[in-house]
Amino acid sequence: MLTTRAQPQSQNGRSRGAVQPQNIARLAALSVLVVLMTAALCWNTLLADAMAGRLHMNDFGKFYYSARAFLDGQDMYAPSPATDLRFEKAPGLQLLNMNPPHFHLVLLPLARLAPESALTIWMAANLMALVLSLQLIARELRIVWTPERLLLVGLGASIFSGTQAFFGTGQLSLLLLLAVTVAWIQARRGQWVTTAIWLGAAMSVKPFLAIFLPYWLGTRRFRALGAALLAAAACFGIGLVVFGVRAYAGWYAALRQSGDWAWAAMNASTFGLFRRVFSDTPYYAPAVLAPGLLWAWIVPAGLIGVLSLWLAVTDTTREATDRAFCLLLVAAHLVSPLGWVYYMWLPAGPATALIVREMSGHERGLAAKGLAAVTIAGCCWPITWGYLFQPHAWATVWVGSMYFWSALAGWGWLLLDGAHVRYRMGAKHAC
């Protein structure tokens, strides 16, 4: 009599060799993520290629040629191939180097290399800083890496408008991200003097980070305030010794013309919005041609700055440090005339901390969800789309200013989030 052996069964009664539906869905999702990330990386590669060739290395070119000029005994802030982008409507406009002389200490080793070699090393160093920053953030927040999370983070980083702007300009934003991330981690651990030293050095290069000075004053962290000022002064002092007073005079003169190109789409500041909407520019059709109204940008910018500082100083919730860092960094973006979109990487650490807490189940209203949606849309907005539908005033206000609205929406979400947490704390104490 013939008998057959029973097939091995898994605990749920299915054959061990069968492919589970959930595994198929997971594999399909991972494949989609890989395809999307590959497409985003190809786009960023095209941006980098245009930056290196057609734009003469763009912002990195400004740094590079300034460092070479110093080594050759010439004016560091004179026009160079990277400052002349040949605007048809503004042929004489030079987009000069905005960074102080002491910043170029890190460029001097690259200045004697061929431009292509210097750019390759610079881009690699920035990308390494990005990877290290993300790893530090994950370790601080105890985030466990899985294949799905790695691909999601890779995709998000690739499509992020701040990353696109980095590849299109060769800026120092990712190196700056590492310094700000280390400062944030130290602040979470109560090491405010160390935090201030990191931010003070960064502040000497990017003055919009000075928004932390009144924050430390308001929270009575006087040692941190003094440490930041000393760190910034030390950076300037070293710069004066190495580069001399004349170089700093050239830097100041370059800063004075920065408003001439704040209209660019990548400028997310309040002044950038006013510049596009109320004045004549090489690209945008003004909504109302009224240059006399440009000064009024100070009013909304001042309100954003003051309200942000007040909320950060008076915040006593458990997430006070995370929210203060995030709120002040986003506010600095809106308040500073040089609030370029590539600096939106800077609040990555505290923003991730707040998002992780948000995912723990707290329900939010329609207004908060709407603000979050606008913020996300702007974070994924391709940097070349800011010039679409011109010349039309409505496109100037909305399409050309998408990064401003995205930053403003993110700032508004932080305000609502803080108010919601404070309300819950008040209700809890009342009970």
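Residues numbered from 1 in each chain as written. Predicted model: local features only at pLDDT ≥ 70, side-chain atom pairs only at ≥ 80, totals over all residues. Heavy atoms only, no water.

## Digging into the packing of helix α14 (residues 320-335) against helix α15 (residues 348-358)
Next up, step 1: With their axes 8 Å apart at the nearest point, α14 and α15 run at an angle of 125° to one another. By the criterion of interaxial angle, the relationship of α14 to α15 is oblique. In this structure, α14 crosses over α15, and the sense of that crossing is left-handed. Residues Asp322, Arg323, Phe325 and Cys326 of α14 form the contact with α15, whose participating residues are Pro350, Ala351, Ala353, Leu354 and Arg357.
Next up, step 2: Of the residues that constitute the contact of α14 with α15, the class distribution is six nonpolar, no polar and three charged. (Axes fitted to C-alpha atoms, helices over the stretch in contact; angles between N-to-C directions. Helix = DSSP H or I, 4+ residues; strand = E, 2+ residues; numbered from the N terminus. Parallel < 35°, antiparallel > 145°, perpendicular 65-115°, else oblique. Left-handed = near helix turned anticlockwise from the far one by under 90°. Contact = heavy atoms within 4.5 Å. Nonpolar A, V, L, I, M, F, W, Y, C, P; charged D, E, K, R; others polar.)

## Considering the environment of arginine 188
Next up, step 1: Locating arginine 188 in the fold gives a position in helix α7 (residues 173-188).
Next up, step 2: Exposure remark for arginine 188: the relative accessible area of 33% places this residue in the partly exposed category.
Next up, step 3: Put simply, arginine 188 and aspartate 322 are 134 residues apart on the chain and 7.6 Å apart in space, counted from C-alpha to C-alpha.
Next up, step 4: Leave out the neighbours within four places in its chain, and arginine 188 touches Glu140, Leu141, Thr321, Asp322 and Ala353.
Next up, step 5: A distance of 3.0 Å separates the side chain of arginine 188 from the side chain of glutamate 140, its partner in a polar contact. (Buried < 20%, exposed > 50% of the residue type's maximum accessible area, 1.4 Å probe, protein only. Polar contact = N/O pair within 3.5 Å; in protein donor to acceptor, adjacent residues only side chain to side chain.)

## Quick word on unusual backbone geometry
Next up, step 1: Note the cis peptide between glutamine 390 and proline 391, where omega equals 5°.
Next up, step 2: Residue position: proline 391 is located in the loop between α16 (366-379) and α17 (393-397).

## A look at the packing of helix α5 (residues 147-159) against helix α6 (residues 161-169)
Next up, step 1: Look at α5 against α6: their axes get within 4 Å of each other, and the N-to-C directions meet at 55°. Judged on the interaxial angle alone, α6 and α5 are oblique. Mapping the contact onto sequence places Ala157, Ser158 and Ile159 in α5 and Ser161, Thr163 and Gln164 in α6.
Next up, step 2: Its residues placed into classes, the contact of α5 with α6 shows two nonpolar, four polar and no charged.

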